[in-house]
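Okay, here's what each chain looks like letter by letter:
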Amino acid sequence: MEKLRIGPSGNSAAFYASGHKHTYEEGAWLHGMGLNAFEYSFGRGVSIGDASAAKIREEFDKYDIEISAHAPYYTNFANESDEMIEKSIGYILSSVAAVHKMGGKRVVFHPASCGKQERGAAVARAEKNIALLMEKAHTMFDILGVSYMICPETMGKMQQIGRVEEIIRFCKVDPLLYPCYDFGHINSYLQGGIRHADDYRRIIDQTAQALGDHKTKNMHIHFSKIQYGQSGEIRHLTFADTVFGPEYEPLARVIDEYKLTPFVVCESDGTQTEDACFMKNLHKNN
């Protein structure tokens, strides 16, 4: 049975300050704080040895910590170059191979950027190329003997492709495409538009109507406060910030109200573990 999972993206400052050095040590450390999720970022490239991946899998399995992976940041499925599309596909399939070794089930990726294209044309190109990605992913899944959730992420800059409606459109392409809603990103491109529980409800209701209950219940979530400007996202903040949002408390209420079981990743800047604990404690049945 699926359950709500909450944890950090990467190793926090407190993890290292506590004397820990290796990601596999996150298993016991997170378990001790009541957290049960972790996202491993391959943002600058997929590189992890088989022995390290196996050790992470062993320790995370022992403590019921589920791991996800973030594919390299430079994927762009709206690129007009077929060669660059092949590279984007390769980045994601390499991330799948790595998360397979680590025992995870999900890979998150950045969909695209408009570049010099008109937005509608860029979105259509991205949709077509994401369909190509999934064709190749299914071939890989057949070889591995197991399938994975591939999660296109909402993006925070105005010229990036990945607004809620676009992510929903992409997730209609294949049964294994699940939305990754980064609510800090959504709040950034909406210029502070995520304030109340109803703002979260609208997104979740829209998702359920378009994608069905299963994808909605088991969506991927990134959460942090993010500074934004006229062009959208500027930088990730910590929960100590009182100027920029969004706030997690109303989202926690909606998740509990709707009985959702998402995989929730805290991306605060350096305090992602402490802030993940704060998020966990806002849920009624944590």
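The structure under discussion appears in the preceding block.
In short, a report on the structure. (Residues numbered from 1 in each chain as written. Predicted model: local features only at pLDDT ≥ 70, side-chain atom pairs only at ≥ 80, totals over all residues. Heavy atoms only, no water.)

**Re the pattern of salt bridges**
This is how it is decided: Here, a salt bridge means any Lys or Arg side-chain nitrogen found within 4 Å of an Asp or Glu carboxyl oxygen. The numbering of helices and of strands both runs from the N terminus, where a helix is a DSSP run of H or I of at least 4 residues and a strand a run of E of at least 2. Think of it in three bands: with a 1.4 Å probe and only protein chains considered, a residue is buried below 20% of the maximum accessible area for its type, exposed above 50%, and partly exposed in between.
Scanning all chains against the criterion turns up 15 salt bridges. The salt bridge partner of Lys55 is Glu59, with a shortest N-O separation of 3.9 Å. Of the two residues, Lys55 and Glu59 both sit in helix H3 (residues 50-62), four residues apart, roughly one turn of that helix. Of the residues examined, Lys55 reaches a relative accessible area of 30% and is grouped as partly exposed. With a relative accessible area of 11%, Glu59 lands in the buried category. Connected through salt bridges with shared partners, the residues Lys3, Arg5, Asp64, Glu66 and Arg106 form a single ionic network.

**Brief notes about helix H4 (residues 82-102)**
To be explicit about the condition: Expected helix span is taken as 1.5 Å per residue step, with the number of steps being one fewer than the number of residues. Throughout, a contact is declared for two residues whenever any of their heavy atoms are within 4.5 Å.
Here H4 is 21 residues long and its end C-alpha atoms lie 30 Å apart, about the 30 Å a rise of 1.5 Å per residue gives. Among all positions in H4, only Ile85, Ser88, Ile89, Ile92, Leu93, Ser95, Val96, Ala98, Val99 and Met102 are buried. In this structure, the buried side of H4 is in contact with strand E2 (37-41), H3, strand E3 (66-70), strand E4 (106-109), helix H5 (119-144) and strand E6 (149-152). Positioned one or two residues after H4, Gly103 has a phi angle of 90°, which is positive.

**Looking at the packing of aromatic side chains**
Put simply, the rule reads: For Phe, Tyr and Trp, rings pair up if their centres lie within 6.5 Å, where Trp contributes its six-membered ring, and each pair is then called stacked (planes under 30 degrees apart), edge-to-face (over 60) or tilted (otherwise).
By the definition in use, this model includes 13 aromatic pairs. Ring centres of Tyr74 and Tyr91 lie 5.1 Å apart, and the angle between their planes is 75°; on these two criteria the pair is classed as edge-to-face. Here the residue Tyr74 occupies a position in the loop between E3 and H4, and Tyr91 occupies one in helix H4, the gap between them amounting to 17 residues. Residue Tyr74 is classed as partly exposed on the basis of its relative accessible area, which comes to 42%. Judged by its relative accessible area of 26%, Tyr91 is partly exposed. With a centroid separation of 5.2 Å and an interplanar angle of 80°, the aromatic rings of Tyr228 and Phe244 are classed as edge-to-face. Here Tyr228, found in strand E10 (residues 226-229), pairs with Phe244, found in the loop between strand E11 (232-236) and helix H10 (249-258); they are 16 residues apart in sequence, far enough to count as distant. Members of the aromatic cluster, connected to one another through ring pairs, are Phe223, Phe239, Tyr248 and Phe278.

**Regarding the packing of H3 against H4**
Cut-off, in case you're wondering: Fitted lines through C-alpha atoms serve as axes, helices being fitted only where they are in contact, and the angles separating the N-to-C directions of these axes extend from 0 to 180 degrees. Throughout this description, any angle smaller than 35 degrees is read as roughly parallel, any larger than 145 degrees as roughly antiparallel, any in the 65 to 115 degree range as roughly perpendicular, and the remainder as oblique.
Look at H3 against H4: their axes get within 7 Å of each other, and the N-to-C directions meet at 50°. By the angle class used here, H3 and H4 are oblique. Every residue of H4 that contacts H3 at Asp50, Ala53, Ala54, Ile56 and Arg57 is listed here: His100, Lys101 and Met102.

**What about H10?**
Considered for burial, the residues of H10 that qualify are Pro250, Leu251, Ala252, Val254 and Ile255. Against the buried residues of H10 lie helix H7 (183-189), helix H8 (197-211) and strand E9 (220-223). Just downstream of H10 lies Lys259, where phi reads positive at about 55°.

**Quick look at the sheet that holds strand E8 (residues 180-182)**
Formally: Should DSSP find at least two bridges between two strands, the strands are taken to pair.
Pairing within the open sheet is parallel, and its four strands lie in the order E1-E12-E9-E8. The open sheet is flanked by strand E1 (5-8) and E8, the only strands paired with a single partner. For this sheet, the mean angle separating the axes of adjacent strands, direction not counted, is 20°.

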